[in-house]
Structures are given as structure tokens and as C-alpha cells.
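The residues making up each chain are set out below.
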Amino acid sequence: MEEKKIRMQLQCPMPKLDFDVITLGHGSGGVLTNKLLDSGVFDLLSNDILDERHDGAFLELNGKTAFSTDSFLVSPIFFPGGNIGELAVNGTVNDLAMCGATPKYLSLSFIIEEGLPVKEFWEILVSIKFACEQAGVQIVTGDTKVVEKGKGDKIFVNTSGIGPIHQKANIGARNITVGDKIVISGNIASHGMAIMSVREGLEFDSEIQSDTTNLNHTISSLIENFGSDIHLLTDPTRGGVATVLKEIAQSVQLGIAISQNALPIDTQVASACELLGLDPLYVANEGLFIAFVAESIADEVMTLLKKDENGKNAEIIGAVVTEHPKQVIMESAIGGKRVISMLPGEQLPRIC
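Residues numbered from 1 in each chain as written. Predicted model: local features only at pLDDT ≥ 70, side-chain atom pairs only at ≥ 80, totals over all residues. Heavy atoms only, no water.

> What's the story with the nonpolar core in this structure? I'm lost.
The tendency in soluble globular proteins is for nonpolar side chains to be buried as a group. Among the nonpolar cores identified, the biggest contains 109 residues, and Phe110, Phe121, Ile155, Met193, Leu245 and Phe292 are the most heavily contacted of them. In terms of residue count, helix H4 (residues 118–135) provides more of this core than any other element does, eleven residues in total. (Core = buried A, V, L, I, M, F, W, Y, C linked by side-chain atoms within 4.5 Å. Buried < 20%, exposed > 50% of the residue type's maximum accessible area, 1.4 Å probe, protein only. Helix = DSSP H or I, 4+ residues; strand = E, 2+ residues; numbered from the N terminus.)

> Got a minute to help me understand the sheet that holds strand S1 (residues 65–72) in this structure?
In a beta sheet, neighbouring strands are held together by backbone hydrogen bonds and run either parallel or antiparallel to one another. What the four strands build is an open sheet, ordered S1-S6-S4-S5; its pairing is mixed. Edge positions in the sheet fall to S1 and strand S5 (138–147), since each of these pairs with one other strand and no more. In this sheet, neighbouring strand axes are inclined to one another by 10° on average, regardless of whether the strands run parallel or antiparallel. Two strands pair when backbone bridges link them, and S1 and strand S6 (residues 155–164) are joined in this way by eight bridges, in the antiparallel orientation. Note that in S6 the partner of serine 68 across the bridge is glycine 161. Against the sheet, H4 contacts strand S4 (105–113), S5 and S6, and its axis sits at roughly 165° relative to S4. (Pairing = 2+ DSSP bridges. Axes fitted to C-alpha atoms, helices over the stretch in contact; angles between N-to-C directions. Contact = heavy atoms within 4.5 Å.)

> Quick question: what am I supposed to make of helix H2 (residues 31–44) here?
Residues three or four positions apart in an α-helix share a direction because the helix packs 3.6 residues into each turn. The end-to-end C-alpha distance of H2 is 19 Å, a good match for the 20 Å that 14 residues give at a rise of 1.5 Å each. Along H2, the helix axis deviates most sharply at leucine 37, where the bend reaches about 45°. Every buried residue of H2 is accounted for by Thr33, Leu36, Leu37, Ser39, Gly40, Val41, Phe42 and Leu44. On its buried face, H2 is in contact with S4, H4 and S5. (Expected span 1.5 Å × (residues − 1). Bend = angle between axes of the 7 residues up to and from the residue.)

> In this structure, what is going on with the pairing of strand S12 (residues 328–331)? I would like to understand it.
Within a regular beta strand, the side chains point alternately toward one face of the sheet and then the other, so they alternate between its two faces. Strand direction decides the pairing type here: strand S9 (residues 255–259) and S12, joined by four bridges, are parallel. Bridging from a neighbouring strand, isoleucine 256 pairs with valine 328 of S12. As paired strands, S12 and strand S13 (residues 337–340) are joined by four bridges and run antiparallel to one another. If you follow glutamate 331 over to S13, its bridge partner there is lysine 337.

> Mind showing me how you'd approach the pattern of salt bridges here?
Close approach of charged atoms allows side chains with opposite charge to pair. Counted according to the given criterion, the structure contains ten salt bridges. Its salt-bridge partner being lysine 5, residue glutamate 86 comes within 2.8 Å of it at the nearest N-O pair. Taken as a pair, glutamate 86 in helix H3 (residues 84–98) and lysine 5 in helix H1 (residues 2–11) lie far apart in primary sequence, 81 residues in all. The exposure class assigned to lysine 5 is buried, which follows from its relative accessible area of 11%. Aspartate 143 is paired through a salt bridge with lysine 145; the nearest N and O atoms lie 2.5 Å apart. A relative accessible area of 35% places aspartate 143 in the partly exposed class. (Salt bridge = Lys/Arg side-chain N within 4 Å of Asp/Glu carboxyl O.)

> Explain the environment of threonine 243 to me, please; I cannot follow it from the model alone.
Within the secondary structure, threonine 243 sits in helix H7 (residues 240–252). Since its relative accessible area comes to 9%, threonine 243 is described here as buried. The spatial distance from the C-alpha of threonine 243 to the C-alpha of serine 341 is 6.7 Å, given a sequence separation of 98 residues. Here threonine 243 is in contact with Tyr282, Met342 and Leu343, once residues within four sequence places are set aside. Within the structure, threonine 243 has its side chain in polar contact with the backbone oxygen of glycine 239 (distance 2.8 Å). (Polar contact = N/O pair within 3.5 Å; in protein donor to acceptor, adjacent residues only side chain to side chain.)

> Would you mind showing me how to read the packing of aromatic side chains here?
Each pair of aromatic rings is reported with the distance of its centres and the angle of its planes. The final tally for this structure, using the stated rule, is one aromatic pair. Centre to centre, the rings of phenylalanine 110 and phenylalanine 121 are 5.1 Å apart; their planes meet at 80°, and the pair counts as edge-to-face. Of this pair, phenylalanine 110 sits in strand S4 while phenylalanine 121 is found in helix H4, placing the two residues eleven residues apart along the sequence. Per residue, the accessibility class of phenylalanine 110 equals that of phenylalanine 121, and both read buried. One cation-aromatic arrangement involves arginine 53 over phenylalanine 42; the distance from NZ or CZ to the ring centre is 4.1 Å. (Phe/Tyr/Trp six-rings, centres within 6.5 Å; stacked < 30°, edge-to-face > 60°. Lys NZ or Arg CZ within 6 Å of the ring centre and 35° of its normal.)

> What should I look at first to understand the environment of glycine 25 in this one?
Assignment of secondary structure puts glycine 25 in the loop between H1 and H2. Distance in space between the C-alpha atoms of glycine 25 and valine 301 is 53 Å, their sequence separation being 276 residues. Here glycine 25 is in contact with Leu32 and Thr33, once residues within four sequence places are set aside.

The values reported here are purely geometric and, on their own, carry no functional implication.
Structural data, given as C-alpha cells:
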């Protein structure tokens, strides 16, 4: 993946401009705005719909459709494994995928702080282009605003997305039944700890990388193969795995039992969590999903996931049970029982 990103950067050199930083004038809607958009956004993200440069996008959609929106204010805006641009694309793409949809079109809006180096803005744009190509989506409309120095923090991004629901999909908490197996697609806590390692200046034998990636192709394969036996999909972003599972247990009024030994986590991520006193169950993820699947297909789901780059570290971490309704209980590594609750406050601010 990193090699593909580097190739994209080499293929998209920054154009020669007569300004080095973003100024208030670049958000005025006038000459400077057009210079910024013409030499950057419109050229780099060009497609038939965006090239219309209309106030909105004209789309053709058929059947049941999913729509999602998300805003991103991660700090720092560049982090190991990604930046705020690809995070914004992947985040909304994945939200749509969790609905059982095929992401098609995104809107893209920037709120930029005066003084942001154009070089950084260009790097973010290139990452957005890369993420869109990987996910198979198009940016079709958007907006750019600039705020005074000190009134923002470099750049905030909003993306909204839309796409048709897969014909075989029937995703919803209402489908969860006792005996369902709970599958997690990969190592937990990597994104949150990639951000924290930069903030805290932590160094390890190898750099902790964010797991930000698009999951839509992986999800599409699961739905195509297993259809309505995929009962629920969700991505454990802010609040982590623990908060998502607790919300679901409360929603369906059933119990959830998980095993600490089954939870996949990178050794260095686990060490970083321990060093900072953080529970990895509550740390944000950006390239993971949790699937509640019928018990009868759980092994087949695992076989399929293990063949996918996004699922090579997948594990069955637990099951839905009749005992302890509305509660999530984890069997610890030493055999004890622990009640898992929602994240009580803000563990890691501005993580996405």
C-alpha cells in the first residue's frame, strides 16, 4: 500500500503556483479561490460530474440507497500510515460499507486555517485522490472555506457519501440472534496509538502505523458470498471495540461474551497502550469492522477473510448469549470475568 501511495505522489507533482500558503483570499470565492481550485481540486480529482462545476451534483441512483456524513479534525493532520485526507475518504466509504452499500459518490469540504502551506494542502489532495481510486468512488461536489489564523487548526475536512445497498444485504441489529459469532477483521487500537505515539514522542523498534483503509471491497465480498447471514456490520472508531459492543448489547437486549485471548493486537501497540495506561478496547480504529454473523457460516467467513489483506488478522472474538442481557462480559487472559462498559469520557481527543 505504501508503495502505491509513493507512486501516486510521484505521478502528481505539485503545480507551480504564485503563492506558498493559503490566505483568507483563497476562501473569498474570487480570483484566488479559482486559482486554488483550478490548479488543485478540479484538476487532481477530475471526473465527468465534478467537471460540470455546478452548485451541486447530478446523480442517477436506483433502489434503496445509503447516505452518510462525517467530519475529520485529527491532530496531527499527518501521522504514520496516513493523513487527514485519506482518513476522510476512508471514513465515509467505510460507514457506507457498514450499511451494506456500495459507495459511489462523495462530497468533499475543507475548512482551512489561514497560513496552511500549499505543499501540505497538495499532499492531502493527492492522498484523497489515492483513497478515492482505491475505494472506487468519485468526488462529485464540495466546498472550501478559509478562517483566520488562530480560528482553526490547519485544516478540517467533511465528507458525505452515497451508494446503493447491495441486493443481498440485510444489515441491522434487529437480525442479531443468540449464537451469532462476533468477528473482528484485524488488529485493534492501531490508529489511536499511531496518533498518540506522535503526540507523545514515543519510539519503538518499528513505527506504529494507522490502520486507515477502505473496507468496502472486503465487505462487498462477504455480502456477495453470505448475504443475509451477515447480520450486522459496524466499524469501531471512536470509543473502540468496547463501546460498540456495549451499544449493540443494549440495543438488542442480549448478552455478549468475548475472550481477551482472542482479541488480535500488534505487540508494539499493546506495549504503547500499557506505557500510556490506555485500554486497547477503548482505542479508536479506522480500518477495522466487527461483524455479527450466523453461527453456521462463521468458519467460512474466517476462511474468506484470511485471504483478504484487510482480514489477514481476523479473529472470532465472541458470541451473542442469553446470559447477562444488555451486558458485555470479557473472559480475561487469566480466566477471570470483566464487565465491559462504554467509554465514560474522552480518552483520546481529536483522534479522527
